Amino acid sequence: MSISDVVAAGQPGATVSLSNAGLERIEQSNQVVLTAAAQRHKIYGITVGLGPNHKRRMIDEDGRFDESTRQRSVAFNKALVYAHNASVGEPMDQDVVRMAMALRVNQYASGKIGVDADIPKLFVEFLNRGITPVVPIEGSVSTADILPGAYLVLAIMGESDVYYKGKVVPALEAMRAEGLKPVEPFGKDALSTFCNNALSVAYSIKIADRTRTTLDATAGVVAMSLEAINGNVSPYLQHTLDNRPMPYVKQVAADITGQLDGSYLWDVNADRTVQDALVFRGAHWPIAAAYHELEGLDALLALHINNSDDNPTVIIDVNDVKVQNPESSQVRSYITTGDVTGAVQSSSNFEATQISIRLSGGALAMGHVARDSVYRTLNMADPNFTKLPAFLNEPDTVFHGFMALQKLPVSLFMQVKNNVMPVSLDSLPMAGGYDNTGSNMMFANQRMDKALDDIEQIFGVEMMMGAQAVDMRIRAGNDKMGAGTSKLHQQIRQQVAYLDKDRPLADDVVALKGIFQTLKF
């Protein structure tokens, strides 16, 4: 499954399927779990409790799942779900929840989890029939999304709310309308459904996709800002960058200069300085850094969605893998004997620090991108950089131009700066000291979501000021805009007029954010 497959599965009306091979691996891995239990293996969250309760047996010594034992396991599973049903706050976006369910089905199909086949089958039915669990977002420290994840189990148990046909309804009502029966989780079912990072990872995939869309829109804006100040193209030339070809820098520079095809900036100009302020001559560097961080994040996310982040983890057949220290009595104790030779082993595969750190790296890079945009708006208002009227005010008037507007991008950047700071180190010991670390990936996603809102608005302000400065240069005779920047300028002017006198700017600013969100270069 690819990242784009996950994104597609999140869209309304999208359908998914479970292959026969995947279903076979699911059934094999579940059989390993049941066999290990029957052979009296101590299995975290199945035959023994969770956290400090891992020393307490939850089912009989014989481990067999006869009817009475099954009912005790069902009761234990329900208790697990109820105990973790404690997240609060606003519901997660429906597309993120759908993405989480889809990637989780894919992980189930890897055969590395150990769950009854009814669980992924019901996930598939929910996705294909437009039933989406309502999942409150607050409560995950991303050593598995165990609190919000519990709502996924509750939904397929028919005991929570779901989105269905444009309304929020009880899950049982939606299931009955579609002829679906609630599940009774037993064995490893509950733990396998909520003890993972599917929700945080799905959110990270959405954030990565949104970040890339934002980055893709920056080239034209930067190019128009260069025209706004009569900038020097030298730092963006490919042969300039051949002397230090860092990742993505030449590509970003080419994207920017590609918008300037036919621009007056390619003609010698006596008023042009040999070197511009760094945020004009170096805009490609932080943008390239953000693309590079996204590349690393994408690689981790792609690996994650096609494997398992479960504890305990399941190995279908130890004969098919290279077992470390197979002669060790401790290692042999993990492996089932007889017809089923698999293993159910305690793990920390849910540890999400690598993804969280990559997410933080991308956030920091976007902070630099936002800061440079703000500085460009400040420089464009300064005649020392542009040789245009201060604050791009209409010449020979007493109007204020964009003097007051500067406070908006500066204020927004203060919020961006706060929201892109890493949070992966902010954790406290929990569960009696057994859960004593966390990556806070969910929180990092929430902060980055807000940061991207503000970054889009910051670039909207840069577009507004860049278009104003370009109009002033056109009046002065520099009317050769680039092919790409000319289209951007026209798009801006279709919604926002030239500022020839003071007027309320709030609607213009909001409109420009909307334009930025749709830009593709």
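The shown structure was predicted, so the numbers you read here are calculated from the model rather than taken from an experiment.

### A word on the overall build of the protein chain
Here's step 1: Scanning the protein chain for helices and strands turns up 21 helices and 7 strands.
Here's step 2: Judged by the C-alpha coordinates and their principal axes, the protein chain covers about 90 × 50 × 40 Å.
Here's step 3: Among the 521 residues that make up the protein chain, the fraction classed as buried is 55%.
Here's step 4: Across the protein chain, the fraction of contacts at a sequence separation of at least 24, relative to all contacts at a separation of at least 6, is 81%.
Here's step 5: About 22500 Å² of surface is accessible on the protein chain, with carbon and sulfur atoms providing 52% of the total.
Here's step 6: Seen as two clouds, the 46 positive and the 58 negative side-chain charges of the protein chain have centres 2 Å apart.

### Things to note about the nonpolar core
Here's step 1: Ranked by internal contacts, the top residues of the largest apolar core, which has 142 residues, are Met92, Phe126, Val162, Ile205 and Met463.
Here's step 2: When residues in this core are grouped by element, the largest group, 17 residues, is from helix α19 (residues 441-475).
Here's step 3: Apart from residues lying up to four places away in sequence, valine 162 is in contact with Phe126, Ile131, Thr132, Pro133, Val134, Ala155, Lys167, Val168, Val169, Pro170, Ala171 and Ala174.
Here's step 4: In terms of nonpolar packing, the next biggest core, distinct from the first, is built from 8 residues, Val32, Ala37, Val314 and Val344 among them.

### Brief notes about the environment of proline 245
Here's step 1: Within the fold, proline 245 resides in the loop between α11 (238-241) and α12 (249-258).
Here's step 2: Remark: the alpha-carbon pair of proline 245 and threonine 313, spanning 68 residues in sequence, is separated by 43 Å.

### Topic: helix α18 (residues 407-419)
Side chains that are three or four residues apart share a direction in an α-helix, a result of its 3.6 residues per turn.
Here's step 1: Taking 1.5 Å per residue as the helical rise, α18 with its 13 residues ought to reach 18 Å, and the 19 Å between its terminal C-alpha atoms agrees with that figure.
Here's step 2: Buried within α18 we find Pro409, Leu412, Phe413, Val416 and Asn419. End-on view of α18: buried residues confined to an arc of 120°, all on one side of the axis.
Here's step 3: Packing partners of the buried residues in α18 comprise α16 (353-380) and α19.

### As for the packing of helix α4 (residues 94-108) against helix α9 (residues 198-216)
Here's step 1: For the pair α4 and α9, the least separation of the axes is 8 Å and the interaxial angle reads 120°. Of the two possible hands of crossing, α4 and α9 adopt the one that is right-handed. Contacts from Asp95, Val96, Val97, Met99, Ala100, Leu103 and Arg104 of α4 reach α9 at Ala198, Leu199, Val201, Ala202, Tyr203, Ile205 and Lys206.
Here's step 2: Counted by class, the contact of α4 with α9 contains 11 nonpolar, no polar and 3 charged residues.

### Some remarks on unusual backbone geometry
Here's step 1: For the bond from asparagine 311 to proline 312, the omega torsion is 0°, close enough to zero to count as cis.
Here's step 2: Backbone geometry at lysine 165 places phi at a positive 55°, although glycine is not the residue there.
Here's step 3: Inspection of the secondary structure assignment puts lysine 165 in the loop between β4 (161-164) and β5 (167-170).
Here's step 4: By relative accessible area, lysine 165 is classed as exposed at 67%.

### Thoughts on the environment of valine 398
Here's step 1: Tracing the backbone through its elements, the reader meets valine 398 in the loop between α17 (383-386) and α18.
Here's step 2: According to the relative accessible area criterion, valine 398 is exposed, its value standing at 77%.
Here's step 3: On a C-alpha basis, the gap between valine 398 and isoleucine 335 in space is 83 Å, while along the polypeptide they are 63 residues apart.

### As for the pairing of β4
Here's step 1: Bridge analysis of strand β2 (residues 131-133) against β4 gives 3 bridges, and the strand direction is antiparallel. Its bridge partner being in β4, proline 133 is matched across the sheet by valine 162.
Here's step 2: In this sheet, β5 lies alongside β4 in antiparallel orientation, the contact comprising 4 bridges. Residue pairing across strands places tyrosine 163 opposite valine 168, the latter belonging to β5.

### Section: empty space enclosed by the protein
Here's step 1: Per the counting criterion, the structure on display carries 3 cavities of 30 Å³ or more.
Here's step 2: Sorting the residues of the lining of the largest cavity by element identifies α16 and α19 as the ones contributing at least two each.
Here's step 3: Grouping the amino acids of the lining of the largest cavity by side-chain chemistry returns 8 nonpolar, 2 polar and 1 charged.
Here's step 4: As a volume, the second largest cavity reaches approximately 60 Å³.
Here's step 5: In this structure, the second largest cavity is lined by Ile207, Ala208, Thr211, Leu294, Leu297, Arg358, Leu359, Gly362, Ala363 and Met448.

Cut-offs applied
- Residues numbered from 1 in each chain as written.
- Predicted model: local features only at pLDDT ≥ 70, side-chain atom pairs only at ≥ 80, totals over all residues.
- Heavy atoms only, no water.
- Helix = DSSP H or I, 4+ residues; strand = E, 2+ residues; numbered from the N terminus.
- Buried < 20%, exposed > 50% of the residue type's maximum accessible area, 1.4 Å probe, protein only.
- Contact = heavy atoms within 4.5 Å.
- Areas by Shrake-Rupley, 256 points an atom, 1.4 Å probe, with all protein chains shown as cover.
- Lys, Arg positive; Asp, Glu negative; His and termini not counted.
- Charge placed at Lys NZ, Arg CZ, Asp CG, Glu CD.
- Core = buried A, V, L, I, M, F, W, Y, C linked by side-chain atoms within 4.5 Å.
- Expected span 1.5 Å × (residues − 1).
- Arc of directions from axis to C-beta.
- Axes fitted to C-alpha atoms, helices over the stretch in contact; angles between N-to-C directions.
- Left-handed = near helix turned anticlockwise from the far one by under 90°.
- Nonpolar A, V, L, I, M, F, W, Y, C, P; charged D, E, K, R; others polar.
- Pairing = 2+ DSSP bridges.
- 1 Å grid on protein atoms, 1.4 Å probe; cavity = no way out; pocket = protein on both sides within 12 Å on 5 of 7 lines; lining within 4 Å.
- Points joined across faces, edges and corners; volume = space filled by probe spheres on them.

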